[in-house]
Amino acid sequence: MTTVDLGENNLAVAVAWRGRKVIGTLFVRGRAHEGRRLRRLSAIRWRQMASGKPARGVRSNRRRWARLAQAEEDAARQIARRIVRFAKTHGSRVIVLEALNRMPQAQRMGWTRRQNLRRSWWMRGRILSFTRAMALWEGILVVRRDPAFTSKACPHCGAYGERFSRRTGGRGPRHTFRCPACGWEGNADLVGAINLKKKWDRTFPPLGPLMAVAKATKNDTKTAPARVEDKGAVEGAANAG
Ligand SMILES: [Zn+2]
């Protein structure tokens, strides 16, 4: 199976599993795309200010908005394709994707940044639906999970951990996850995908024990007639006695 986290530093992080073993990882970095989007947004903003009218009403900007939307759509489709190809290559029959949280409050944010945030959120939704459609085509099931605390809980002990930047200490992309309770430290971008797997295992325990139960049940039905006979024999004995 493959778990996918539409995360903080990356547009998507996928981990392929065989049982409890990680057999592959995929990082889809979004920085280049975000840069392009920000450039497009500031071009729109600039024209909007120059014309003194709301951006959507301006004809030349309308074309820019359309081009920006198309670029988002294309990128989302491309990312979904990479996720599904990754899952297929690793023999996954199921993709578990985190569902989307509510968008963070965009208060006290400039116009461009607010637009950028809105669009990146919208794009995650598009990645989700493209992935679902493409996976279906490949015969892979896509399951959506609640992401509550997925990227904040320690994969080792489940305590509330923190992300930080090893290089700068505070600023910049926070790529390292640290657990204050047990001291686990690791790649923060992988935490979401690992925890998704753990959540999945809790709802769907490993197949091993399940197969054992199935086998035991099967044996029960096989031995059932014998038991009925035994019961009959006991009853018969009781009657006789
Ligand atoms: Zn821990």
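The following paragraphs examine the structure supplied in this document. None of the values given here were measured: they were computed from a predicted structure.

## Considerations on helix α4 (residues 188–203)
Here comes step 1: Given a rise of 1.5 Å per residue, 16 residues ought to cover 22 Å, and the 24 Å separating the end C-alpha atoms of α4 matches this to within 8%.
Here comes step 2: For α4, the complete set of buried residues consists of Ala-188, Asp-189, Leu-190, Val-191, Gly-192, Ala-193, Ile-194, Asn-195, Leu-196 and Lys-199.

## Comments concerning the sheet that holds strand β6 (residues 162–164)
Strand pairing in a sheet is mediated by backbone hydrogen bonds. Such pairs are either parallel or antiparallel.
Here comes step 1: Read across the sheet, 3 strands follow the order β6-β7-β8 without closing on themselves; strand pairing throughout is antiparallel. Each having just a single partner strand, β6 and β8 (185–187) make up the two edges of the open sheet. The average undirected angle you get between the axes of adjacent strands in this sheet is 35°.
Here comes step 2: The pairing of β6 with strand β7 (residues 176–178) spans 3 bridges and is antiparallel.

## Quick notes on the sheet that holds strand β4 (residues 94–98)
Here comes step 1: One open sheet holds the 5 strands; their spatial order is β3-β2-β1-β4-β5, and the pairing between them is mixed. Here the strands that pair on one side only, and so sit at the sheet edges, are β3 (21–29) and β5 (141–145). Put simply, the sheet's adjacent strands are angled 20° from each other on average, direction ignored.
Here comes step 2: Strand contacts of helix α3 (residues 111–137): β2 (10–18), β4 and β5, with the helix running at about 170° to β4, the strand carrying the most contacts.
Here comes step 3: The sheet strands contacting α4 are β1 (2–5), β2, β3, β4 and β5, and the helix crosses β2 at an angle near 45°.

## Let's talk about the pairing of β2
Here comes step 1: For β2, the tally of buried residues reaches 8 of 9 residues, placing the bulk of the element in the interior.
Here comes step 2: In this structure, β1 lies alongside β2, joined through 4 bridges in antiparallel fashion. In the strand pairing of β2, Val-4 is matched with Ala-14.
Here comes step 3: With 8 bridges connecting them, β2 and β3 associate as antiparallel partners. Following the sheet pairing, Asn-10 is matched in β3 by Arg-29.
Here comes step 4: Connecting the antiparallel pair β2 and β3 is a turn made up of 2 residues, with Gly-19 showing a positive phi of about 65°.

## Comments concerning the pairing of β1
Here comes step 1: Because side chains alternate across β1, one face comprises the buried residues Thr-2 and Val-4, and the other comprises Thr-3 and Asp-5, equally buried.
Here comes step 2: Relative to β4, β1 runs parallel, the two sharing 3 bridges. Across the sheet, Thr-3 pairs through a bridge with Val-96, a residue of β4.

Calculation notes
Residues numbered from 1 in each chain as written. Predicted model: local features only at pLDDT ≥ 70, side-chain atom pairs only at ≥ 80, totals over all residues. Helix = DSSP H or I, 4+ residues; strand = E, 2+ residues; numbered from the N terminus. Expected span 1.5 Å × (residues − 1). Buried ≥ 20, exposed ≤ 12 C-beta atoms within 10 Å, placed from the backbone. Pairing = 2+ DSSP bridges. Axes fitted to C-alpha atoms, helices over the stretch in contact; angles between N-to-C directions. Contact = placed C-beta atoms within 7 Å.

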